[in-house]
Amino acid sequence: METMIMGFIFLPMLLMQCFMAALAMSQPNLTTDQYALLQFKAYVTSDPLNIMSSNWSSSATSICNWVGVSCGAFHSRVTALDLPNMNLTGSLPPHLGNLSFLVSINLSGNSFNGHLPPELGKLQRLKFMDLSFNFLDGSIPDEIWLLSKLETFSLGSNQLTGAISRNIGNLTKLRIIYLGHTKIGGEIPNEIGNLHKLEVFSARNASLSGLIPPNIFNISSLRGINLYINNLSGTLPVDLCYHLPNLKELDLGENQLNGSIPSSIGRCKKLQRLGLGANRFTGYIPRSIGNLSKLTGIYLFDNDFEGEIPNEIGNLHKLEVLSARNASLSGLIPPNIFNISSLRGINLYTNNLSGTLPVDLCYHLPNLKELDLGKNQLNGSIPSSIGRCKKLQRLGLGANRFTGYIPRSIGNLSKLTGIYLFDNDFEGEIPKELGNLQNLEILSAKNIEYTAEAVDNRGTVVGIKSKDGIVMGVEKVIASKMMLVVPIGESTPFIVTLACVYGEPIPVKELAERVASYVRLCTLYWWLRPFGCGIILGGYDREGPQLYMVEPSGISYRYFGAAIGKGKQLAKTEIEKLKLSEMTCREGVIEVAKIIYKVHDEAKDKAFELEMSWICDESKKQHEKVSDALLEEAKAAARAALEEMDAD
């Protein structure tokens, strides 16, 4: 009996000792978490919402009650740090790596700067990391690529550089990757194909180059691939959609992809958005695209297709946007496209489309906001049913062969802001019903064909975007021996003024749009004379080197390579042969000189002076003339290439 009593006494003492030991162990760990968070607070230099100053205090409540902090129920250790969109400014301390129980960290939408601390790689329990929309720079530390439990990895919209590590293949639990709007470059590693649970891979507007690893298209769990605006090259695999039953978004626009669109695209049955615009695709648009019954958006603009728009596109009853401007399409527009009642936008500007518009054009388009069929070879009259497109805001039918009267029913389109009917052969008067259009901003019915012809009869101008800048070359024809060749000038007062107003250089896209708007303005009013010129505009801004071309009509597009003037067609053919993403500006100078010399017809044209300029790292990102030594080297290489071609 005494032995039993002693046993019962001993057992509570043993339990108490275990409890005290556990308490002794958890207290230092909790203190470690508190110290790490207080260090994080110390690294915050601005807290306008007073989140930390009013709540994060060592003398106040438990850290588990601090705003944005969550703890585990069992061990009371910090498991989540959640402070998105708090307007915090500062840097990330290495002490965050001591939050060893952390599962989730979300500091997106703030103003954190500096490098990512390598100590974050110690967070082996981490599943969710979102540091997007900050000002973080430098490369992603190697240690972070070893977080084997990571499921969501979002570092987009920062100023990060470097490359995607091959160690990404070890993060086999990854479901979501966001690296867009950064300066992360290099190739996409093949090891990404090991991520069999990956659902979203988004790296739009980064600096990626090289080929897209074909094994990425074997990840059956993928719902979205967005690599829009990079320098990716190569072709799409023949079996593109054999293993992508869940894919909803495929956006590879504004790259340098070539070849044809594989017919297997029709197997991506759940696809809703297909973006392949601004590449170098050729061949026919596959008819199998008509099998994608869930498609809402097709973006095929700025490519070099051939043939017709397939009739099967009329089967896409959920389609909202069809954009295939400047895509070298020919033939008739399938009339069943105008039966897709969900359509909000149809843009087929600058193709070789022919035929007439159907009489019932707008009978089935209650949601249409944009109809741009300009710069084609369409004929016949504009059907009066155009007045049924009640939501139409932009009507572009310019530069075609339309005849007949402008229908009075256009006056029913109360939401119209722009009407473009220039360069056609209408008869009769402008309908007085157009006076009903209270929202109308632009009415263009002017003939500007002669301005385009003037540009096409002048010397050739070539611009290319290389991996480190922009190179431009001008074939300045010398009409007379008495002519004085004026060198390339400096920035205009317009640009300087904008820089003074905004405190930083104007983004190239904004500059191109403003120049284009001004050129366009001069085509709209009878008292203004259209500019008889085209403009190739290059610059260097936060997004890196940019190249735009403004047409005489006032339309501007972004390009990897562009040409205007008498030899533009041959120049464009030569540009397409170049691997621009791999070329430096110094190499580009040689190639542009070769193109200018090749397109110059010595038999028909007069003597010319080659002028060249660049904006690149070597010029400290300032526009300046190419040095005389390099220009002479380029001329010599161009002449040698011509002699070699003549010898062959």
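Residues numbered from 1 in each chain as written. Predicted model: local features only at pLDDT ≥ 70, side-chain atom pairs only at ≥ 80, totals over all residues. Heavy atoms only, no water.

Before going further, it helps to spend a moment on the pattern of salt bridges. Enumeration over the complete set of coordinates arrives at 21 salt bridges. Here Arg-166 and Glu-191 are joined by a salt bridge, their closest N and O atoms 3.3 Å apart. Highlighted residues: Arg-166 in the loop between β10 (159–160) and β11 (176–178) and Glu-191 in the loop between β12 (185–186) and β13 (200–202), separated in sequence by 25 residues. Classification of Glu-191 as partly exposed rests on a relative accessible area of 25%. (Salt bridge = Lys/Arg side-chain N within 4 Å of Asp/Glu carboxyl O. Helix = DSSP H or I, 4+ residues; strand = E, 2+ residues; numbered from the N terminus. Buried < 20%, exposed > 50% of the residue type's maximum accessible area, 1.4 Å probe, protein only.)

The strand order across the open sheet formed by 4 strands is β23-β25-β27-β29, and the pairing between neighbours is parallel. One side of each edge strand has no neighbouring strand; the edge strands of this open sheet are β23 (330–332) and β29 (401–402). Relative to strand β27 (residues 377–380), strand β25 (residues 352–355) runs parallel, the two being bridged by 2 bridges. Looking at the pairing, Ser-354 lines up with Gln-377 of β27. (Pairing = 2+ DSSP bridges.)

With that out of the way, let us pick up unusual backbone geometry. Most peptide bonds take the trans configuration, and most residues that are not glycine carry a negative phi. One non-glycine residue, Ala-278, adopts positive backbone phi at about 55°. Tracing the backbone shows Ala-278 in the loop between β19 (273–275) and β20 (280–281). Look at Ala-278 and you get buried, because its relative accessible area is 12%. If you check the backbone angles, Lys-621 has positive phi at about 60° while not being a glycine. By secondary structure assignment, the location of Lys-621 is in the loop between β38 (608–616) and β39 (624–625).

This part covers the sheet that holds β12. Across the sheet, which stays open at both edges, the 5 strands sit in the order β12-β14-β16-β18-β20 with parallel pairing between neighbours. Looking at strand neighbours, the two that pair on one side only are β12 and β20, the edges of this open sheet. With 2 bridges joining them, strand β16 (residues 231–234) and strand β18 (residues 256–259) adopt parallel strand pairing. If you follow Ser-233 over to β18, its bridge partner there is Gln-256.

A few words now on the state of the cysteines. A full pass over the atoms with the stated rule returns 3 disulfides. Each disulfide pairs two cysteine sulfurs, and for Cys-241 the partner residue is Cys-268, the sulfurs being separated by 1.9 Å. Looking down the S-S bond of the Cys-241 and Cys-268 bridge, the torsion is -95°, so its handedness is left-handed. Linking Cys-241 in the loop between β16 and β17 (249–251) with Cys-268 in the loop between β18 and β19, this pair joins segments that are 27 residues apart in sequence. Residues Cys-241 and Cys-268 agree in their burial class; the two are buried. Between the sulfur atoms of Cys-362 and its disulfide partner Cys-389 the distance amounts to 1.9 Å. (Disulfide = S-S within 2.5 Å.)

Time to look at the side chain of Asn-279. Its location among the elements puts Asn-279 in the loop between β19 and β20. With residues up to four places along the chain from it excluded, the contact list for Asn-279 reads Leu-252, Gly-253, Glu-254, Asn-255, Gln-256, Leu-257, Asp-302 and Asn-303. (Contact = heavy atoms within 4.5 Å.)

Helix α6 (residues 585–599) packs onto helix α5 (residues 568–576) with a crossing angle of 145° between their chain directions and a minimal axis gap of 9 Å. For α5 against α6, the interelement crossing comes out right-handed. Of α6, the residues touching α5 (which contributes Leu-570, Ala-571, Glu-574 and Ile-575) are Ile-595, Lys-598 and Val-599. Here the residues of the contact of α5 with α6 are counted per class, giving 5 nonpolar, no polar and 2 charged. (Axes fitted to C-alpha atoms, helices over the stretch in contact; angles between N-to-C directions. Left-handed = near helix turned anticlockwise from the far one by under 90°. Nonpolar A, V, L, I, M, F, W, Y, C, P; charged D, E, K, R; others polar.)

Let us now look at α5. The set of residues buried in α5 consists of Ala-571, Glu-574 and Ile-575. Viewed end-on, α5 has its buried residues packed into an arc of 100°, placing them on one side of the element. The secondary structure elements touched by the buried residues of α5 are β20, β32 (461–466), β37 (561–564) and α6. (Arc of directions from axis to C-beta.)

Looking now at helix α4 (residues 508–521). Spanning 14 residues, α4 covers 20 Å between terminal C-alpha atoms, matching the ideal 20 Å at 1.5 Å per step. All of the buried residues in α4 are Val-508, Leu-511, Ala-512, Val-515, Ala-516, Val-519 and Arg-520. One face of α4 carries all of its buried residues, which in axial projection span an arc of 165°. (Expected span 1.5 Å × (residues − 1).)

Attention shifts here to the environment of Ile-419. Along the polypeptide, Ile-419 turns up in strand β30 (residues 418–420). Judged by relative accessible area, which is 0%, Ile-419 ranks as buried. Between the C-alpha atom of Ile-419 and that of Gly-398, which follows or precedes it by 21 residues, the distance is 8.9 Å. Those residues in contact with Ile-419 that sit more than four places away from it in its chain are Leu-395, Ile-410, Leu-434, Leu-437, Leu-440, Ile-442, Leu-443 and Ser-444.

This paragraph deals with the environment of Ile-596. Looking at where Ile-596 falls in the secondary structure, it is placed in helix α6. Aside from chain neighbours lying at most four places away, what touches Ile-596 is Thr-460, Val-462, Gly-473, Glu-475, Phe-608 and Leu-610.

With respect to the helices, strands and loops of the structure, Gly-121 is situated in the loop between β6 (111–115) and β7 (128–130). Sequence separation between Gly-121 and Gly-97 is 24 residues; the distance between their C-alpha atoms is 7.0 Å. Setting aside its immediate chain neighbours within four residues, Gly-121 contacts Glu-143, Ile-144 and Leu-147.

With that out of the way, let us pick up the packing of aromatic side chains. The full count for this structure, using the stated rule, is 5 aromatic pairs. One aromatic cluster is present, built from ring pairs that chain together Phe-40, Trp-56, Trp-66 and Phe-112. The ring centre of Tyr-242 lies 4.2 Å from the NZ or CZ of Arg-267, which sits over that ring. Stacked on the ring of Phe-301, the Lys or Arg Arg-325 has its end atom at 4.5 Å from the ring centre. (Phe/Tyr/Trp six-rings, centres within 6.5 Å; stacked < 30°, edge-to-face > 60°. Lys NZ or Arg CZ within 6 Å of the ring centre and 35° of its normal.)

In this sheet, β6 lies alongside strand β4 (residues 89–91) in parallel orientation, the contact comprising 3 bridges. Following the sheet pairing, Gly-90 is matched in β6 by Phe-112. By the bridge criterion, 3 bridges tie β6 to strand β8 (residues 135–138) in an arrangement that is parallel. Each bridged residue has a counterpart across the sheet, and for His-115 the counterpart in β8 is Asp-137.

Where like charges cluster on the molecular surface, the positive patch consists of Arg-125, Lys-127, Lys-149, Lys-173 and Lys-197. Structurally, Lys-149 is set in the loop between β8 and β9 (152–154). On the basis of relative accessibility, which here comes to 39%, the residue Lys-149 falls in the partly exposed class. (Patch = residues over 30% accessible without salt bridge, like charges linked within 9 Å, V, L, I, M, F, W, Y side chains within 5 Å. Areas by Shrake-Rupley, 256 points an atom, 1.4 Å probe, with all protein chains shown as cover. Lys, Arg positive; Asp, Glu negative; His and termini not counted. Charge placed at Lys NZ, Arg CZ, Asp CG, Glu CD.)

Nothing here speaks to function; it is geometry throughout.
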